[in-house]
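# Architecture and fold: a report
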Amino acid sequence: MSEFKLTGGCQCGAVRYVLNAPPLMAYACHCTECQRISATAFATSCVVLQDTMQIEQGELSRINWTVESGAHRYGEFCKACGVRIRHGSEPSQGIYSLRSGTLDDPTWATPAAHTWQSSALEWFTPPEDALLYDGQPTDYAPIVERYAKLMELG
Ligand SMILES: [Zn+2]
Ligand SMILES: [Zn+2]
């Protein structure tokens, strides 16, 4: 196995986690739900394989909700300070959407795409070369590919 290691945690320091593989991609989502969840203009997330992420310390609390399609989603956050760490689905799709502002090295959070431009705040101007989507992407391959290029993952 590789010796890849990426660390992160919450604001108060109670929750610490380790990733032992690079994220599959990073993106910024401008949907109204992400605006509410992140309490700001948009959310930046990294998609990581579940078995590459270990919670090393601290306790996560969970909130569940159902999206329009009927899928069950959950968010996990630090029990002590409330910082959102990651999202997942039930039944599991094998991935977490990691809130990438929790990474110690935010380089890995560089968004390869900006989704839900239809609800982006009007002052937001996307980077010139960004992949843009009006809503939810139906094909993630271009985002994965662009992210690998940005991160020089070969
Ligand atoms: Zn905390
Ligand atoms: Zn969103």
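That block above? That's the structure.
Residues numbered from 1 in each chain as written. Chains lettered and ligands numbered in written order. Predicted model: local features only at pLDDT ≥ 70, side-chain atom pairs only at ≥ 80, totals over all residues. Heavy atoms only, no water.

### What to know about the coordination of the zinc ion (ligand 1)
Under the convention used in this document: Note that water is not among the atoms considered, so a metal site may appear incomplete; the donors listed are N, O and S atoms within 2.8 Å of the metal, with 3.2 Å applied to Na, K and Ca. Geometry assignment treats four donors as tetrahedral when all angles are between 85 and 135 degrees, treats four as square planar and six as octahedral when opposite donors are over 155 degrees apart and all others between 65 and 115, and treats everything else as irregular. Comment: elements are numbered from the N terminus, with helices defined as DSSP H or I runs of at least four residues and strands as E runs of at least two. Only protein chains enter the accessibility calculation, which uses a 1.4 Å probe. A residue is then buried if its area is under 20% of the maximum for its type, exposed if over 50%, and partly exposed in between.
For the zinc ion (ligand 1), the full set of protein donor atoms is Cys 10 (SG), Cys 12 (SG), Cys 78 (SG) and Cys 81 (SG), and the range of their distances to it is 2.3 to 2.4 Å. Viewed at the metal, the 4 donor atoms of the zinc ion (ligand 1) are separated by angles of 107 to 112 degrees, and the geometry they form is tetrahedral. For the zinc ion (ligand 1), the single-chain donor residues occur in sequence as C-x1-C-x65-C-x2-C. Here Cys 78 lies in strand S7 (residues 72–78) and Cys 10 lies in the loop between strand S1 (6–9) and strand S2 (16–19), a separation of 68 residues in the sequence. Like Cys 10, the residue Cys 78 is buried in the burial classification.

### Quick word on the pairing of strand S8 (residues 84–90)
Stated formally: Pairing between strands is defined by DSSP: at least two bridges between the two strands are required.
Most of S8 is tucked away, with 6 of its 7 residues classed as buried. Across 6 bridges, S7 lies against S8 in antiparallel orientation. Following the sheet pairing, Arg 73 is matched in S8 by Ser 89. Hairpin remark: S7 followed by S8, antiparallel, with 5 residues in the connecting loop; positive phi at Gly 82, about 85 degrees. Relative to strand S9 (residues 95–99), S8 runs antiparallel, the two being bridged by 2 bridges. Directly across from His 87, in S9, lies its bridge partner Ser 97.

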